[in-house]
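# Structural overview for review
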Amino acid sequence: MNILFVYFNLVIHMTYSKRSFNDNYKHHHHFFDSFTFKESDLSDVSTHHRLRHHHDVLGDILWPVKKEAVVEGDIVLGGLMMVHEREDTITCGPVMPQGGVQALEAMLYTLDRLNSAPEPLLPNISLGAHILDDCDKDTYGLEMAVDFIKGSISNIDGAEYHCNKTQVRKVISGVVGAASSVTSIQVANLLRLFKIPQVSFFSTSPELSNKQRFEFFTRTIPSDHYQVKAMVNIVILMGWSYISIIYEESNYGIKAFEELEDLLAEHNICIAVKEKLVKDSGVADESAYDNIVQKLLTKPRARGCIIFGSDQEVAGVMRAVRRSNATGSFSWIGSDGWSARSLVSDGNEAEVEGTLSVQPQANPVRGFEEYFLSLNVENNSRNPWFIEFWEHHFQCRYPNSSKTPYNQKHSHLCTGKEKLTRQNTVFEDQLQFVSDAVMAFAYAIRDMHRDLCHGRPGLCDAMKPTKGTELLKYLRKVDFEGLSGDRFHFDSNGDGPARYNIIHFKQVSKGKYQWVRVGEYVEGELRLNMSEIQFKLGHPKPPESVCSFPCDLGQAKKYVEGESCCWHCFNCTQYQILHPKDPTQCIACPQGTVPDPHHIRCEDIPEEYLRPDSGWAIGAMAFSSTGILITMFVCGVFIRHNDTPVVRASGRELSYVLLAGILMCFSVTYALVLRPNDVVCGIQRFGAGFCFTVVYAALLTKTNRISRIFNAGKHSAKRPSFISPRSQLIICSGLVGVQVLINGVWMVISPARAIHHYPTREDNLLVCSSYIDASYMIAFTYPIFLIVICTVYAVLTRKIPEAFNESKHIGFTMYTTCVIWLAFVPLYFGTANHVALRITSMSVTISLSASVTVACLFSPKLYIILIRPERNVRQSMMPMRYSAINKSSATTGSGSMMAAVMVTAATCDQKQQIQKHVPPVEKDEDLSESKVKPETKDISTQTSPAISNNMLNSSQEHLPKINNNCNVGNGPIGILPCVQTKDFPL
């Protein structure tokens, strides 16, 4: 006995320190292999600890007094009920009417129904009970549970059960209870050692679902794992993102809090305050609850608060709310441990108002209310605590009742005529779970009896006593309809079905409060009737429980230090959007895009380019089209009058080249107004410079020829080289070829591409790459060079006689072109951000240059051809003073060169100075024509014929001597009758 005494001291003290019996059993199992125990030994141990630890002497009152409710039967079930509340100063508090006394009576009532049924579930077998009170304390409940193992020593390793001959104790086949999770965990560790199945009715801790630790534990109520999910779903439905959590410091509260933290984090719901309710073999004083409420008030925006605790602790919180004048400051989400409990709501109606609680779905046990209301002290002697309940319920002291710390305050005696009624009695809503726990044992025993006893009435030897391991197998497989009418079965973890009611404490009318069912949570789906919910009378809208309201669209968050749900909002800048993955950052939109009005996404800026249907493009194309028509008209006139003196004198080949270049200048406009792409950009880059090169190469060839002819005339009468039409075309082609080479190299080094250009953040210009860096000027560099050279030649040939001076027209063309391009350059570079204006200005400048060329070079010829055709003869190509020469000249040869100019020079003495001016002798024209028959030779030229006076001086050596009296000046030649003439080709 001494060894056993030491063993149970060790076991109980290890349990007080909350160590698992799973480990204890491994270390101490060998004690049971060596000893045979007597029941009196266990009784002595139990009595020793009860007197040593849990008897408090209050004056002349010994408290608590161990009592037990016993119902005889063939198979006995243990019961562990929280008949009394927990108290801080003493071991057991006052009687608990609903979760305690009513739960106990629900167990007794179910046993009565099973044993007295017309068709009994168990054939010739009665179920008994041995019910104890744990006072809602884990340590005290563990000590009470020792009574359940006294008759079960034989369950360990098949050892025989021994007892003394004077006392016989039934084996406890299973235990119904305990109510609280913390007590159930301690008791489950003990019962596991002795292989006694346990079915709890109110313990909801998720930890108890671990069957590796709690192999013999099952429960009819669902795990808090599902309750927590239901509570989080309610929070989400309310639109709350910032809440507080209060949980009791027990396995029931701590495990629920851990799951709450995980689930809330998954849904981005933040915890403002998390506080523990003291529950460790006692209750806290008022200051502890006041401190909790004060901490809640430090986060006034967290209006929603989840309380996961038991009714006694929650009642203390509600009283503290009232003391802190914080009534109405919070909206509660309650757990099943305190929902619909009068202990919480009575006297605290205003503080509890608006609570939404999750309560395991339970229907009333049929017949129980009538049974309970029919009870009184006289007819309910099997419940030893019923007198305490009667005194508590009617606030009187029953005659000859034992003294308790709580019935001393009652001033009057009970008459015995008091009666329980529905008006003065509040029923526990979850008694179904108590009844189902008893029914589960009954159905398991029935199935076990059917298999082991093969249907023989009464207990067979195989069930004397019942084996806990075998009974557990049958217990897990039960499936029945309970006294509530609901089907019941255990899930794979040994838990009850996950069905919950959502109940709401509301003020149904002024001053009248009531718990109302407003929804349910079944199989993971929350159904809530929002129209039935009102957190305050006349205020159906849920209160806001958010630290910071969501930022407006396009605003980023700056979190408050230490707070994950509190932030300040700030706007993204003009060209930024909110980061799609990080709400605390803004990111800049890429080039070519701008934020939408809400700064959520970047939108493409519409491409900007010169569209053919725009006014700019239409104007440019109209101008170019006019120029093309005029140019084609000029071409047609020249072709029609191809062999007339005017056309021939203008140099037909180069004139047609010039007209082709002008036509290309006008046509470039159409390439400039097309939507840019790589091909169009290549055409623009090549065409813009090429067309100018063709025009000014032809003009340069003309001016160069004129200059060379008259320069050569100053020094020699010899015809200059390379003035034939073929030579002129070759020279012109060579000049154009240089531009083609430049463009070819440029294309290889930097291919033309259409790109997007962003001169400003709000521009998206679709342009050719040459547009950006003004590399178009590469294409214009060579034509500008030609323009400059042409201009220089035009200046040098400006004093050529008027009749032969087409260079003056070319000079005027060059001067005007220079002015146009000097105006274009600043306009082009000054309109970099205006695509339409820039392209249009380039197009118009090119067309205008071509128009000037057409007007200056071809309009005089068109005037003669079309308006003054009588002047389109050879005589009209020279002034009257050249008529003697012209008339004596022969008809011009074929070709495109101008008509040959016959120049006759004579001198009387080669050493004599030639007179500077010799006036023409027109009156002797006929004579000179009849006497002088000069030889003629055609000379083709691209410009109007002209003769330099000095040219004659330089060619005297080639002229025949006439006589010493004849002088030839360096001016226009006079043809005298005595003169002998000779051709001089220009």
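Computed from a predicted model, the values in this text were never measured in an experiment.

Turning next to empty space enclosed by the protein. Applying the stated criterion across every chain, the model contains 12 cavities of 30 Å³ or more. Estimates place the volume of the largest cavity at around 180 Å³. Around the largest cavity, the lining comprises 17 residues; the ones closest to its centre are Ala179, Ser180, Phe202, Ser310 and Gly337. In the lining of the largest cavity, the residues fall into 5 nonpolar, 6 polar and 6 charged.

As a further point, take the packing of helix α19 (residues 652-672) against helix α25 (residues 835-867). It is the contact of α19 with α25, at a shortest axis distance of 9 Å, that shows an interaxial angle of 160°. The angle between α19 and α25 falls in the class roughly antiparallel. The two elements α19 and α25 cross, and the hand of that crossing is left-handed. Contact residues: α19 offers Ser655, Leu658, Leu659, Ile662, Cys665, Phe666, Val668, Thr669 and Leu672, while α25 offers Ile839, Met842, Ser843, Ile846, Ser847, Ala850, Ser851, Thr853, Val854, Leu857 and Phe858.

Time to look at the pairing of strand β11 (residues 242-248). Taking burial as the measure, the 7 residues of β11 include 7 buried ones, the bulk of the element. Side-chain alternation along β11 places Tyr242, Ser244, Ile246 and Glu248 on one buried face and Ile243, Ile245 and Tyr247 on a second face that is also buried. As paired elements, β11 and strand β12 (residues 270-277) share 6 bridges and run parallel to each other. Residue pairing for β12: isoleucine 245 is matched across the bridge by lysine 274. Handedness of the β11-helix α8 (residues 251-266)-β12 crossover: right-handed. By the bridge criterion, 5 bridges tie β11 to strand β13 (residues 304-308) in an arrangement that is parallel. Bridge assignment links isoleucine 243 to a residue of β13, and that residue is glycine 304.

Moving on to the packing of α19 against helix α21 (residues 725-749). Orientation of α19 relative to α21, taken along the N-to-C sense of each, is 30°, at an axis distance of 9 Å. Taken together, the axis directions place α19 and α21 in an arrangement best described as roughly parallel. For the pair α19 and α21, contact is made by Glu653, Leu654 and Val657 and by Pro725, Gln728, Leu729 and Cys732, respectively. Taken together, the residues of the contact of α19 with α21 sort by class into 5 nonpolar, 1 polar and 1 charged.

Along the chain, threonine 693 turns up in helix α20 (residues 678-713). Once residues within four sequence positions are removed from consideration, threonine 693 is found in contact with Leu735, Val736, Gln739, Tyr782, Pro783 and Leu786.

The next subject is the layout of surface pockets. In this model, the largest pocket occupies a volume close to 930 Å³. For the largest pocket, the lining is made up of 43 residues, of which Gln98, Ala340, Val426, Phe427 and Glu428 are closest to its centre. For the lining of the largest pocket, the element with the highest residue contribution is helix α4 (residues 97-115), accounting for 4 residues. Considering only residue class, the lining of the largest pocket consists of 17 nonpolar, 15 polar and 11 charged.

On to the sheet that holds strand β20 (residues 525-528). Pairing is mixed across the open sheet formed by 8 strands, whose spatial order is β12-β11-β13-β14-β15-β18-β19-β20. Pairing within the sheet leaves two strands with one partner each, and these edge strands are β12 and β20. Looking at each pair of strands side by side, their axes are set apart by 25° on average, direction ignored.

Moving on, we come to the state of the cysteines. Should the sulfur atoms of two cysteines be covalently bonded, the bond is a disulfide. The tally for this structure, following the rule as stated, stands at 9 disulfides. Note that cysteine 270 is cross-linked by a disulfide to cysteine 565, the S-S spacing being 1.5 Å. Of note, the bridge from cysteine 270 to cysteine 565 carries an S-S torsion of about 70° and is right-handed in sense. Of this pair, cysteine 270 sits in strand β12 while cysteine 565 sits in the loop between β21 (555-559) and β22 (567-571), placing them 295 residues apart in sequence. By the burial criterion, cysteine 270 is buried, and cysteine 565 matches it. Here cysteine 665 stays free of any disulfide, with the sulfur of cysteine 691 as its closest cysteine sulfur at 3.4 Å.

All right, on to the packing of aromatic side chains then. Overall, the coordinates contain 28 aromatic pairs when judged by the stated rule. Measuring from ring centre to ring centre gives 6.4 Å for phenylalanine 368 and phenylalanine 427, while their planes differ by 80°; the resulting arrangement is edge-to-face. Highlighted residues: phenylalanine 368 in helix α13 (residues 368-373) and phenylalanine 427 in the loop between α14 (386-394) and α15 (431-452), separated in sequence by 59 residues. Pair check on accessibility: phenylalanine 368 and phenylalanine 427 agree, each one buried. Chaining the aromatic ring pairs together yields one cluster made of Tyr109, Phe368, Tyr371, Phe372, Phe386, Phe389, Trp390, Phe394 and Phe427. It is arginine 341 that lies over the ring of phenylalanine 202; its NZ or CZ is 5.9 Å from the centre. Here the basic side chain of arginine 685 rests over the ring of tryptophan 746, its NZ or CZ set 4.0 Å away from the ring centre.

How each quantity is defined
Residues numbered from 1 in each chain as written. Predicted model: local features only at pLDDT ≥ 70, side-chain atom pairs only at ≥ 80, totals over all residues. Heavy atoms only, no water. 1 Å grid on protein atoms, 1.4 Å probe; cavity = no way out; pocket = protein on both sides within 12 Å on 5 of 7 lines; lining within 4 Å. Points joined across faces, edges and corners; volume = space filled by probe spheres on them. Nonpolar A, V, L, I, M, F, W, Y, C, P; charged D, E, K, R; others polar. Axes fitted to C-alpha atoms, helices over the stretch in contact; angles between N-to-C directions. Helix = DSSP H or I, 4+ residues; strand = E, 2+ residues; numbered from the N terminus. Parallel < 35°, antiparallel > 145°, perpendicular 65-115°, else oblique. Left-handed = near helix turned anticlockwise from the far one by under 90°. Contact = heavy atoms within 4.5 Å. Buried < 20%, exposed > 50% of the residue type's maximum accessible area, 1.4 Å probe, protein only. Pairing = 2+ DSSP bridges. Right-handed = clockwise from strand over helix to strand, strands pointing away. Disulfide = S-S within 2.5 Å. Phe/Tyr/Trp six-rings, centres within 6.5 Å; stacked < 30°, edge-to-face > 60°. Lys NZ or Arg CZ within 6 Å of the ring centre and 35° of its normal.

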